[in-house]
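Take a look at the letters that make up each chain.
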Amino acid sequence: MTVQRLAALVIRGRAVVLVVMAVLTLLLGIRALGLGVDAGFQKFLPTNHPFMSTFLKHQADFGGANRVLIVLRAKDGDIFTAPFLDTLNRATDAAYRLPGIDRARVSSLFTPNVRFVDIVDDGFIGGNVVPSDFRPTPAGIAQVRANTLKSGQIGRLVANDFSAAAIALQLFDIDPATGAKLDTLTIARALEREIREPFTSATVDVHILGFVRLTGDIAAGAAGVVVFFGVSLALTALLVWLYARSIALTVMPLLCSAIAVVWMLGGLTVAGYGLDPMSILLPFLVFAIGVSHAVQVVNAIVAERIAGVDGKTAAANTLARLMVPGSVALATDTAGFLTLMLIEIPIIQELAVTASLGMAAILATNLILLPVLVSYAPDSGRWRKGLAAATHRYGRLWDALAVVAKPRPALIAVGIGAALFAWAFVVGSNLTVGDNDQGAPELRPNSRYNQDVAAIVERFSIGVDVLTTIIETTPNACVEPEIMARIDKFQHALNQVEGVQSTASLVQAAKIVNAGWNEGALKWRAVPTDAQVLVRAVTPVETATGLLNADCSIMPVLAFMVDHKAETIQRAVAAIEDLDRQLGTPSLRFRLATGNVGVMAATNQAVDAAQLPMLLAIYAVIIVLCLAMFRSVVATVCIVVPLVLVSVMCNAIMVWLGIGLKVATLPVAALGVGIGVDYGIYTFSTLLGHLRQGMAFASAYRRALEETGAAVLFTGITLSLGVATWLGSALKFQADLGLLLAFMFLVNMAGALFLAPALAALIWRGKVKG
């Protein structure tokens with residue numbers, strides 16, 4: 001069946017099409033109402049990365065990377081007052097009651113796993129920092145102060161200036177109370193409701209860090225997305241009306257694009273997914289792509305109506321004309337998003353599935369449903385005359401733009417493109433994979449979370465940024481002096497790495513105990529060279545400290561990082577890998593990595609490794625589909641070259657703006673290529689049609705501008721203005737994405753309207769034969 005016959009069949013059966021589409025929209029709309037926010041730490045783990053093999057292997061013994069740090073800070077004075085210690089005690093009890101908490105790993109001055117060691121005449125004694133019979137008397141508080149000084153917790157659970165005390169928590173992946181996946185947002189709300197609100201007072205401030213808290217803040221900020229979506233929708237509606245001069249032709253494209261979003265969200269629920277806060281902008285992006293295709297339909301129908309064709313025939317002609325280029329364009333969009341599946345991080349793969357569902361929905365709603373709806377749109381001679389007059393006024397604009405199809409202007413355009421590519425390639429080579437800023441780059445610097453980060457980093461030698469090296473060796477290795485000496489060298493070298501704030505290990509604890517057996521003399525704070533003396537030094541260190549396992553074959557070394565910037569992580573990882581080569585033996589290996597920084601390191605490496613294969617896969621699909629559609633190598637090259645330029649320029653702009661390549665920004669590359677290829681496919685499908693009819697290139701391009709270039713120009717400007725409103729978002733990553741997308745929409749438009757035809761003009765000197 002030919003495309004023309006299929007289009008005619010769809011329009012003849014338009015009532016059936018409307019009923020089917022309405023039923024699908026109703027069913028998927030009902031399912032979309034049940035869509036929930038699905039946030040989870042496990043979704044960010046690149047599970048096939050070697051670091052994550054170590055992480056998952058030892059997670060049961062040493063906990064995961066989903067940590068929470070609660071800090072109570074005295075606004076005046078220090079923590080050693082009766083009111084503050086009472087607040088800390090009650091906050092610790094409240095932390096135990098939080099859902100999803102691994103209660104065995106809760107640490108605070110009031111938990112029994114935080115102990116001190118005191119040197120006495122006979123060696124040393126130890127006990128809980130806060131004794132079980134503690135009373136808030138001057139003597140009792142003085143005892144807690146003395147025990148704290150002997151506990152080794154200064155800078156860790158107690159601020160270096162004694163102004164604050166911390167409660168460290170770890171979360172399960174599965175809620176032990178329900179057996180269901182941990183509800184991150186529920187815990188985030190509980191932290192605010194059960195910890196921050198009741199314990200913040202005129203004398204105490206509360207600071208909270210951790211993935212859970214960050215996700216909660218992002219989810220709260222994402223509520224503002226609805227406002228920006230509304231602003232973008234209103235702006236788009238206004239511009240579409242100015243373009244089409246018809247309420248019906250304004251409402252229908254927006255309605256079909258919105259229906260595509262409903263289908264996508266309903267399809268997510270059917271597939272068993274939720275919507276992650278980091279993907280909360282995806283519905284708008286799908287809507288934007290839908291509008292892009294819908295404007296092409298409106299543009300074609302307007303041209304048919306101006307020519308005097310009736311509604312049904314105009315809809316059938318438009319469907320026949322756009323079915324192939326529209327389907328190919330959406331297929332390349334879908335392929336672009338599916339290439340994200342190459343990155344083995346669940347959150348990115350989930351995003352790929354979500355976006356692909358959106359592209360499939362647009363194929364049905366904007367290329368089939370929209371022409372059907374428009375076939376019912378009312379018509380009037382006055383409206384046609386108005387459109388014809390507007391089209392005539394645009395003639396001078398098309399004449400100006402068509403100049404690029406002439407040899408000299410074409411050469412200038414290509415030269416400018418080459419210069420931009422050279423600049424962008426040099427600048428973009430400095431693109432960071434990971435974060436560029438301390439704290440949470442997803443949020444504004446003045447956000448509460450980032451203020452909490454600054455307050456904690458200023459006073460403590462630790463935070464939630466922990467990189468843990470797992471030392472795998474033989475059973476009872478902790479009583480072998482040679483092995484412990486190697487671990488001591490490893491820890492000492494790691495302490496010297498820039499970005500490492502402090503470290504902790506079994507060796508460090510054993511050295512303190514050894515000094516205790518020798519009247520506390522600092523010269524004895526060393527690893528004993530005698531095995532029996534070493535036994536005496538490590539015996540008091542319990543497995544509950546998290547510094548060893550039951551048979552002493554696994555000993556973590558914790559590195560508390562000053563931040564989780566990409567360069568900080570890279571430097572620490574490189575140092576540990578180098579130390580493993582220097583100090584490791586067949587029976588002693590220094591394995592990366594656990595801790596949240598270990599997860600970030602694995603994620604950054606996974607994103608970096610997949611970036612080039614992902615782009616190559618996208619371009620391979622585009623090249624194959626364009627060759628199949630156009631049967632022209634030149635047309636394919638002219639479409640792909642501007643896309644490559646935009647990809648490279650996007651990297652340069654990210655460097656200029658200080659935006660790192662990470663989970664939140666990676667999809668921009670796929671989206672940018674997808675939108676760009678849409679512009680190119682629509683423009684060249686029309687251009688080639690005229691060339692194959694024997695028209696000269698300049699004339700053919702002038703006609704293509706009239707028929708499809710107007711829609712490309714309009715779409716680029718409209719979508720750029722729509723996403724530019726995101727700059728006012730409370731979420732920094734939404735503002736960054738808005739800026740990037742506005743840039744990519746505009747530059748893709750410029751590439752399709754200027755660079756692509758300029759390349760074609762230089763290659764095709766004359767006519768193209770079909």
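Refer to the structure presented above.
Described below are features of the structure shown in this document. (Residues numbered from 1 in each chain as written. Predicted model: local features only at pLDDT ≥ 70, side-chain atom pairs only at ≥ 80, totals over all residues. Heavy atoms only, no water.)

Okay, the side chain of K732 next. For K732, the position within the fold is in helix α25 (residues 732-763). The buried category is assigned to K732, whose relative accessible area is 18%. If we skip the residues at most four places from it in the chain, K732 touches P441, E442, L443, R444 and P445. (Helix = DSSP H or I, 4+ residues; strand = E, 2+ residues; numbered from the N terminus. Buried < 20%, exposed > 50% of the residue type's maximum accessible area, 1.4 Å probe, protein only. Contact = heavy atoms within 4.5 Å.)

Take the state of the cysteines next. Within the structure shown, the criterion is met by one disulfide. Across the disulfide, C478 is cross-linked to C552 (sulfur-sulfur distance 1.8 Å). Taking the sign of the torsion about the S-S bond as the criterion, the disulfide between C478 and C552, at about 140°, is right-handed. With a gap of 74 residues between them, C478 in the loop between β6 (466-472) and α17 (481-495) and C552 in the loop between α19 (531-538) and β8 (554-561) connect regions that are remote in the sequence. (Disulfide = S-S within 2.5 Å.)

Each full turn of the α-helix corresponds to 3.6 residues, which orients residues three or four apart in the same direction. Over its 18 residues, helix α20 (residues 566-583) extends 26 Å from the first C-alpha to the last, a length consistent with the 26 Å expected when each residue adds 1.5 Å. Of all the positions in α20, only A566, T568, I569, A572, V573, A575, I576, L579, D580 and L583 are classed as buried. In this fold, the buried residues of α20 make contact with α3 (50-62), β6, α17, β8, β9 (589-594) and α21 (595-630). (Expected span 1.5 Å × (residues − 1).)

We now examine helix α12 (residues 346-374). An ideal rise of 1.5 Å per residue puts 42 Å on 29 residues; α12 measures up with 40 Å between its terminal C-alpha atoms. A maximum bend of about 25° is found in α12 at I362. The element α12 is extensively covered by neighbouring structure, given that 22 of its 29 residues are classed as buried. (Bend = angle between axes of the 7 residues up to and from the residue.)

Counted by the stated rule, this structure contains six aromatic pairs. Judged by centre distance (6.4 Å) and plane angle (75°), the ring pair of F110 and F134 falls under edge-to-face. Note that F110 is positioned in the loop between α4 (82-96) and β2 (115-120) and F134 in the loop between β3 (123-128) and α5 (138-150), a separation of 24 residues in sequence. Take F134: its relative accessible area is 17%, and that puts it in the buried class. Their ring planes at 20° and their centres at 4.5 Å tell us that F490 and F590 sit as a pair that is stacked. One end of the pair, F490, is in helix α17; the other, F590, is in strand β9, with 100 residues separating them in the sequence. F590 carries the same exposure label as F490, and that label is buried. Here the aromatic residues F284, F287 and W726 are joined through ring pairs into a cluster of three or more. Taking the ring centre of Y376 as reference, the NZ or CZ of R14 above it sits at 3.9 Å. (Phe/Tyr/Trp six-rings, centres within 6.5 Å; stacked < 30°, edge-to-face > 60°. Lys NZ or Arg CZ within 6 Å of the ring centre and 35° of its normal.)

Another point: the pairing of strand β4 (residues 164-170). Remember that side chains alternate between the two faces of the sheet whenever the strand is regular. Burial runs high along β4: seven of the seven residues are buried. Both faces of β4 are covered, namely the face carrying A164, A166, A168 and Q170 and the face carrying A165, I167 and L169.

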